[in-house]
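# Notes for the structure review
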Amino acid sequence: MTQTLAPHAALPARPSRPRRVLRALAVVATLPYISLKVAWVAGSRIGIPEGSVLLDRPGLMAVANSVTILMDAAVVVLALLLTQPWGLRVRSWLLGLPVWGATGLLAPIVVGFPLQLVTAAVAGAEKHTAQGRPFLDEWVFAVVYGGFILQAFSLGTLFVLYARERWSHVWAGRVGEMDPDLSGRWMRPTAVVASALTLVPAALHVLWASGSARGLTPARAAERTTDFYVLEAARVGFVAVAVIGTLALVFRLGRSRQVRPLLAMSWVGASSLACWGGWLMLASLMPEDDPTKEPTALMITAYAGEMITGILLSGCLAVMLRRRGA
């Protein structure tokens, strides 16, 4: 996206009441997660049952918890940036990258956790375990994921309001009104290749969502609950949303359609693939004492495939947005 602002772009010195409320909500929503993580780094076991796998490597967990504290604290910085006049002077990529990352990490939780609650209400709740051992107390998931959903709602709304002031010209109009030269020479082939490659992780997630244990470690297969199947199905949905949104924009499909919803589909879908795939890929690289619990080749293929295709599709969207902004 270009650094040039729309002629009317401006934020008042004092944010409006709705924006102040949303900002406060975003900040407050970080407290449960950050408080728990700080407590764990300090040695507390609140929310961690006896025998949990999280107690096996205290040093590694302290490092991981410290990193995630910083990640969630970034929400506070973003909430301030999106509501202050100086936020309009921040370079586009410096703002867009963390918002893209936040979207990619939070969107699957916003979709998946409510679906898990519904299935638990219908089929009965099942305890979260790892390697056949307890993981976390059940209340921790409700508190932490509830906070994440509030973060997604408040921060997402603030970003939409901010983007309307700064980049409304980028998402305006219909697909048929877009300049065909926006796709350039390489964007369409890249989008096609990336979309074709998503078939690999999508097929694996369909396989696992349908009940197959092929490609899963014995421990992971034994730990499957309804939550597992819900998330696998949701990840297939994110693949579809990313591909449909990006191809529709790049090839100007559905010429009478508004650009805005397709842009949202591409942004949310592609960022979710890249960020969740990357997060799980990183987790799979963590050292494992038991060789039988090492991620399988198919699991790594699914994670890497999501990460790579999500980055490629996001790249296509970023180039298009930059050219539209210019």
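Residues numbered from 1 in each chain as written. Predicted model: local features only at pLDDT ≥ 70, side-chain atom pairs only at ≥ 80, totals over all residues. Heavy atoms only, no water.

## A closer look at the nonpolar core
Here is the rule: As used in this record, nonpolar core signifies buried Ala, Val, Leu, Ile, Met, Phe, Trp, Tyr and Cys residues forming a set joined through side-chain atoms within 4.5 Å. Three exposure classes are used, based on accessible area relative to the maximum for each residue type with a 1.4 Å probe and protein chains only: buried under 20%, partly exposed in between, and exposed over 50%. Runs of E in the DSSP output that reach at least two residues are strands. Runs of H or I that reach at least four are helices, and both are numbered from the N terminus.
Leu 82, Leu 95, Tyr 162, Trp 167, Leu 249, Leu 317 and Met 320 are the most contacted members of the largest nonpolar core, which has 49 residues in total. At the level of elements, helix 1 (17-41), helix 2 (58-81), helix 3 (92-123), helix 4 (138-167), helix 5 (187-197), helix 8 (226-250), helix 9 (259-284) and helix 10 (297-325) are the ones that each hand at least two residues to this core. Membership of the second largest hydrophobic core comes to 13 residues, among which are Trp 40, Val 140, Phe 141 and Val 144.

## Points about unusual backbone geometry
If you check the backbone angles, Arg 252 has positive phi at about 55° while not being a glycine. Turning to its location among the elements, Arg 252 is positioned in the loop between helix 8 and helix 9.

## Examining the layout of surface pockets
Put simply, the rule reads: Using protein atoms alone on a 1 Å grid, points that fit a 1.4 Å probe yet trap it form a cavity, whereas open point sets bounded by protein on both sides within 12 Å along at least five of seven lines form a pocket; residues with an atom within 4 Å of a point count as lining. Grid points are joined across faces, edges and corners, and a volume is the space filled by probe spheres set on the points. Side-chain classes follow a simple rule in which Ala, Val, Leu, Ile, Met, Phe, Trp, Tyr, Cys and Pro form the nonpolar group, Asp, Glu, Lys and Arg form the charged group, and the remainder, Gly included, forms the polar group.
In this model, the second largest pocket occupies a volume close to 660 Å³. Those elements that provide at least two residues to the lining of the second largest pocket are helix 3, helix 4 and helix 9. Each residue belonging to the lining of the second largest pocket can be placed in one class, and the counts come to 23 nonpolar, two polar and one charged.

## Points about the confidence of the model for the protein
Filter applied, for reference: The predictor's confidence in any single residue is recorded as pLDDT, a number from 0 to 100. Residue contacts are defined here by distance: any two heavy atoms, one from each residue, within 4.5 Å place the two residues in contact.
Of the residues in the protein, 90% have a pLDDT of 70 or more, and the chain-wide mean is 88. Taken together, the stretch residues 1-8 has pLDDT below 50 and engages in 23 contacts with residues farther than four places along the chain or on a different chain.

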